[in-house]
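# Coordinate inspection notes
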Amino acid sequence: MTGVKSPTMMDASRYARQLKLNRRHMIAASAGAAGLAAAGRSARSVRAQDAVTLTQWYHQYGEAGTQEAAARYAAEYSEVNPDVTVEMVWVPGDYSATALPAALLTDDGPDVFEGSPSLAMVDAGQIEPLDDLFTEEVMADFNPVNIAAATINDSIYGVKMLDDLGLLYYRRSILDEAGIAPPTTMDELIAAAQALDTGRVKGLFLGNDGGVSALIHIAPWSAGVEFLDAANNEITFGNERTVVAYQKVRELHGSGALLVGAPTDWWDPSAFNQGLTAMQWTGLWAMPGIQAALGDDFGVVPWPALDGDGSPATFWGGWTEMVNARGQHIEESKEFVRWLWIENTAAQQDWNLAYGFHVPPRISAAESAEPLQSGAPAEAVTILNEHGRVLGPLWTGAMNTIITDALSNILNSGADIEETVATAAEQCQAELDRNLA
Amino acid sequence: MGTKREATFAFWVFMAPILLGLLVFTFVPIGWGFLLSLSDARNSVDIGNFIGLDNYAFMLQSPQFQDSLITIIIFTIFIVPLTLFASLGLAMLVNGAGWGRGIFRTAFFIPTAISYVIASLIWRMGLFSGVPSGVMNVVLYEWFGIEAPISWITSSNPPWYWLVLVTVRLWLQVGLYMIIFIAGLQEIPRSLYEAAFVDGARSGWMTFRHITLPMLRNTLVAVLLLNFIAAFQAFDEFWNIMGGTAASAGNRSLARPPLVYLYQVALGDQDYGRGTAGAFILTAIIVGVTLLQGRFFGFGRST
């Protein structure tokens with residue numbers, strides 16, 4: 001392996017080969033076929049017997065260059081650890097709902113993968129506790145929110161790779177012209193959206209479902225509501241504050257100032273960039289595109305507080321690296337995760353900031369990252385640290401379906417809010433009880 | 001005797017692969033699925049943690065599952081009669097065309113070859129896009145002077161999304177059923193019409209009502225059955241038009257058929273026990289209605 005070919009060419013061809021191998025690997029659920037694939041691999045390999053191959057899965061990131069970057073980290077790890085080969089697999093399509101869970105049901109899943117840790121994964125014996133990676137020093141370098149989001153039954157099951165958050169973007173020039181200040185309460189937001197709605201340019205874009213999926217959690221959060229209590233055994237959103245929060249969402253929805261039916265959804269800044277709306281709820285990841293389109297004619301605020309008793313809020317999202325508890329090489333996998341997402345500050349900054357725009361989860365990596373030091377990006381980091389909220393590993397997709405239906409019924413079918421919220425909370429509590437049993 | 005043994009051998013050579021395929025890919029999964037529906041199988045497809053009929057009880061009581069059944073019944077009420085009338089009408093027009101019969105037949109049949117996903121995207125992002133430049137909004141503005149663009153998919157009052165969902169399936173499947181009707185029409189002996197004309201019948205409603213329709217009964221019932229089963233298994237257009245990705249999941253709450261809900265439960269929430277239980281309930285409904293329909297219309301009985 002002398003450097004005759006350029007490193008990128010070599011990476012690309014090796015990557016293509018690995019992808020093919022892994023496609024087959026993924027489809028072949030039976031041990032026999034997996035054995036064949038392994039035999040094919042060892043026949044080509046001239047490594048010593050203790051050589052280990054780890055598979056690492058990523059979902060398909062939208063940003064150009066991410067796939068090459070992930071392959072590069074894997075190759076770099078082999079350079080420092082010649083006994084370990086990391087096969088990076090880029091999985092297109094429905095990663096979180098289909099590809100990854102299906103692979104984790106077999107004995108042949110990836111060794112290392114990204115996702116969101118959940119109680120169900122722990123109960124099914126799918127993910128390995130990573131407590132020994134979190135020394136005191138490491139613990140202090142992660143925001144407690146990121147630690148809590150990966151902590152299940154007092155063990156830490158994942159290392160955060162990437163932090164994301166939602167932001168309310170507004171066109172500075174349009175608001176200045178209308179003499180409107182960036183909204184700090186829900187009432188101000190509704191008034192601003194209505195005042196800025198000229199028909200051709202709508203006031204606010206929250207997604208093509210009129211804000212249901214964007215606001216199911218954020219509206220109650222902005223009222224000071226938590227979805228689960230601190231001890232994580234009770235659903236706590238079934239109260240008067242949630243009712244008021246959803247009531248205000250209905251008011252906003254009914255104001256006629258929202259953009260709906262845009263070509264792309266809220267996660268994409270096209271509607272904002274093309275001037276279809278004066279304000280839009282989207283993520284930090286959209287900021288480079290907005291800067292390129294609008295220069296500095298924009299500002300960001302968190303989702304405004306419901307009222308004086310509430311507080312601004314946003315979601316604290318992103319991806320978490322986990323280790324497959326059914327993998328053959330758990331220790332090697334943990335070492336790789338430590339190297340990449342705990343020790344390798346350069347890779348973490350590259351991954352979060354060189355392609356899209358995210359916040360490196362390690363505090364020291366974020367603090368030393370040049371692009372996050374000033375302007376809107378710096379504001380976004382402050383918003384994340386002050387107002388970012390997580391649902392936690394006990395909140396499930398089934399619960400999301402329940403409250404999505406609830407808010408949709410409130411907005412679209414004129415359902416009684418108090419009753420709908422109470423029923424949804426009961427349904428979620430039944431889910432939680434079942435999961436904790 | 002040798003030929004008989006050879007025939008038997010040939011039979012098994014030809015039939016074994018398909019029987020084996022059916023066994024491995026259809027019957028084993030059905031049996032496995034049934035056992036899963038009686039198990040507590042979360043993040044797992046292992047059988048053994050049997051919990052009786054709990055999964056069935058949950059699905060039957062689940063407001064989401066009940067709503068999905070209502071959704072699919074509404075959809076079926078729209079799509080089945082519409083498809084039946086449109087495809088029979090087209091078949092009679094095409095069959096009676098003086099020239100270009102082949103061209104028309106092909107033209108109406110072509111949409112059948114298009115994937116539901118692609119058609120759904122055309123419907124959502126092209127024809128029924130909610131922005132003023134969406135095709136239907138342009139048509140409304142140019143021809144009828146309606147200025148305010150309609151957000152076809154999000155609008156719940158009136159529920160325009162039904163127009164989007166029904167028309168896309170109608171366009172995709174009407175050609176296929178038209179071909180089946182044309183085949184049925186060509187089976188009817190010309191002599192029946194000639195005899196009727198001799199007896200003084202007039203061409204049109206009279207011959208249609210008393211000759212065409214009775215002679216088409218088996219075709220009609222077959223189309224009705226196929227159409228009903230296909231409607232109850234609707235997934236692609238609902239999935240791609242009422243959401244498509246994680247964003248705007250709120251639209252999915254407006255019209256979520258059983259298969260979309262079961263997909264969310266089984267794959268999204270990784271609850272294979274509840275997911276398969278719902279699938280068996282749905283199967284029971286389809287089988288029950290099909291049997292009733294067969295009894296009512298006398299499917300397969302000679303005319």
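Every chain is numbered on its own, with residues counted from 1 as its sequence reads. For naming, the first written chain is A and the first written ligand is 1, with later ones following in the order written. Reporting of local features is limited, given that this is a predicted model, to residues whose pLDDT is at least 70; pairs of side-chain atoms are given and counted only at 80 or more, and all residues count toward the totals for whole chains, interfaces and linings. No hydrogens and no water enter the side-chain calculation; it runs on all heavy atoms of the structure.

### Digging into the interface of chain B and chain A
Frequently, the measure chosen for interface size is the accessible area that the parts lose on association. Heads up, the condition is: We call two residues contacting when some pair of their heavy atoms lies within 4.5 Å. Put simply, buried area is how much 1.4 Å-probe accessible surface two parts lose in total, over both of them, once they are put together. The rule for a salt bridge is simple: a side-chain nitrogen of Lys or Arg has to be within 4 Å of a carboxyl oxygen of Asp or Glu. Think of a polar contact as two N or O atoms within 3.5 Å of one another; within protein, one of them needs to be a possible hydrogen donor and the other a possible acceptor, and neighboring residues in sequence only count if both atoms come from side chains.
At the interface, 33 residues of chain B touch 34 residues of chain A. Both sides together, the interface formed by chain B and chain A hides about 2,600 Å², and carbon and sulfur atoms give 45% of it. In this structure, the connection of chain B to chain A is made through three salt bridges. Between A:Glu431 and B:Arg274 there is a salt bridge whose closest N-O contact spans 2.7 Å. There are 14 residue pairs in polar contact (both at pLDDT 80 or more) connecting chain B and chain A.

### As for the nonpolar core
Stated formally: Only buried Ala, Val, Leu, Ile, Met, Phe, Trp, Tyr and Cys residues count toward a nonpolar core, and they belong to the same one when joined by side-chain atoms within 4.5 Å. A simple rule labels every residue: compare its accessible area, found with a 1.4 Å probe on the protein chains alone, to the largest value its type can have, and call it buried under 20%, exposed over 50%, or partly exposed in between. In this entry, domain limits derive from an automatic or database-based domain assignment.
In terms of nonpolar packing, the biggest core is built from 109 residues, with A:Tyr58, A:Phe237, A:Leu252, A:Trp303 and A:Trp351 touching the most fellow members. Looking at this core, you find at least three residues from each of domain 1 (7–164 + 318–383) and domain 2 (165–316 + 391–436) of chain A. Look past the residues within four positions of A:Leu252 in its chain and what remains in contact with it is A:Met186, A:Leu189, A:Ile190, A:Ala193, A:Leu204, A:Leu206, A:Leu258 and A:Trp303. Within the second largest apolar cluster, 64 residues are counted, among which are B:Ile79, B:Tyr193, B:Phe235 and B:Leu262.

### Topic: the environment of A:Asn412
All names here are of chain A. Where we set the bar: Starting at the N terminus, helices and strands are each numbered in turn, a helix being any DSSP run of H or I of at least four residues and a strand any DSSP run of E of at least two.
Counting through the fold element by element, asparagine 412 comes out in helix α19 (residues 397–412). Take asparagine 412: its relative accessible area is 15%, and that puts it in the buried class. In the structure, asparagine 412 is positioned 158 residues away from glycine 254 in sequence and 9.5 Å away in space, judged by C-alpha atoms.

### Structural notes on the pairing of strand β6 (residues 159–170) of chain A
Residues and elements named next belong to chain A. Here is the rule we go by: Only when DSSP finds a minimum of two bridges between them are two strands counted as paired.
For β6, the buried fraction is high: twelve of the twelve residues fall into the buried class. Pairing analysis gives six bridges linking β6 to strand β11 (residues 314–323), with the strands arranged antiparallel. What sits directly across from leucine 162, in β11, is tryptophan 319. Relative to strand β9 (residues 277–283), β6 runs antiparallel, the two being bridged by five bridges. Bridge assignment links glycine 166 to a residue of β9, and that residue is glycine 283. Sheet topology note: the β6/strand β10 (residues 299–301) ladder contains three bridges and is antiparallel. Along β10, the bridge assignment pairs leucine 168 with valine 301.

### Describing α19(A)
Residues and elements named next belong to chain A. Heads up, the rule is: In a helix, the anticipated span is given by 1.5 Å times the number of residues less one.
With 16 residues, α19 ought to run about 22 Å at 1.5 Å a step, and its terminal C-alpha atoms sit 22 Å apart, in line with that. Within α19, 13 of the 16 residues are buried, which leaves the element mostly enclosed by the surrounding structure. Positioned one or two residues after α19, glycine 414 has a phi angle of 65°, which is positive.

### A word on the pattern of salt bridges
Close approach of charged atoms allows side chains of opposite charge to pair. All names here are of chain A. Counted under the stated rule, the structure contains 19 salt bridges over all chains. In this structure, glutamate 251 and lysine 248 form a salt bridge, with 3.2 Å as the shortest nitrogen-oxygen distance. In this pair, glutamate 251 and lysine 248 are both assigned in helix α12 (residues 240–254), three residues apart and thus about one turn of the helix distant. The exposure class assigned to glutamate 251 is partly exposed, which follows from its relative accessible area of 37%. The exposure class assigned to lysine 248 is buried, which follows from its relative accessible area of 17%.

### Looking at the domain arrangement of chain A
Residues and elements named next belong to chain A. Annotation of chain A at the domain level lists domain 1 (7–164 + 318–383) and domain 2 (165–316 + 391–436). Each side of the interface is counted separately: domain 1 has 22 residues, and domain 2 has 18 residues. Counting the surface lost from both domain 1 and domain 2, the interface buries some 1,600 Å², and carbon and sulfur atoms represent 73% of this. Broken down residue by residue, the surface that domain 1 buries against domain 2 is led by Asp164, Phe357 and Ile383, which jointly contribute 38%. Summed over the shared surface of domain 1 and domain 2, the result is zero salt bridges. Seen at the junction of domain 1 and domain 2, the total is four residue pairs in polar contact (both at pLDDT 80 or more). Those elements that provide at least two residues to the side of domain 1 that touches domain 2 are α5 (119–123), α7 (144–149), β4 (151–152), β6 and α18 (375–387). Tallying contributions element by element places α18 first for the side of domain 1 that touches domain 2, with five residues.

### Focus on α12(A)
Residues three or four positions apart in an α-helix share a direction because the helix packs 3.6 residues into each turn. Residue and element names in this part refer to chain A. For α12, with 15 residues, the first-to-last C-alpha span of 21 Å sits near the 21 Å given by 1.5 Å per residue. Looking at α12, one finds that the buried residues are Thr242, Val243, Ala245, Tyr246, Lys248, Val249 and Leu252. A side-chain oxygen of the first residue of α12 lies 3.1 Å from the backbone nitrogen of arginine 241; this N-cap is asparagine 239. In the stretch just after α12, glycine 256 is the one whose phi turns positive, near 80°.

### Some points on the confidence of the model for chain A
Selection criterion: Predictor confidence is given residue by residue as pLDDT, running from a minimum of 0 to a maximum of 100.
Per-residue pLDDT for chain A has a mean of 87; in total, 89% of the residues score no lower than 70. Here residues 1–48 of chain A scores under 50 on pLDDT; set against residues more than four positions off or in separate chains, the count is 35 contacts.

### Quick look at the environment of B:Phe128
Residues and elements named next belong to chain B. With respect to the helices, strands and loops of the structure, phenylalanine 128 is situated in the loop between α5 (116–127) and α6 (135–144). Distance from phenylalanine 128 to serine 151, taken between C-alpha atoms, is 7.9 Å for residues 23 residues apart in sequence. Once you skip the residues sitting within four places of it in the chain, phenylalanine 128 turns out to touch Trp123, Met136, Trp152, Ile153, Leu163, Val164 and Thr167.

### Some details on the packing of aromatic side chains
For clarity, the threshold we go by: For this analysis, a ring pair means two rings from Phe, Tyr or Trp (six-membered ring only for Trp) whose centres lie within 6.5 Å, classed as stacked if their planes differ by under 30 degrees, edge-to-face if by over 60, and tilted for the remaining angles. Any Lys NZ or Arg CZ that is within 6 Å of a ring centre and within 35 degrees of that ring's normal is treated as a charge sitting over the ring.
A complete count under the given rule lists 41 aromatic pairs over all chains for this structure. Where A:Phe134 meets A:Phe142, the ring centres are 5.8 Å apart and the plane angle is 55°; that geometry is what we call tilted. We classify A:Phe142 as buried; its relative accessible area is 3%. Grouped by ring-pair contacts, the aromatic residues A:Tyr58, A:Tyr61, A:Tyr73, A:Trp90, A:Tyr95, A:Trp319, A:Trp341 and A:Trp351 constitute a single cluster. Geometry around B:Trp239 places B:Arg252 over its ring, the cationic atom sitting 3.9 Å from the centre. Here the guanidinium or amino end of B:Arg274 rests over the ring plane of B:Phe58, the centre of that ring lying 3.4 Å away.

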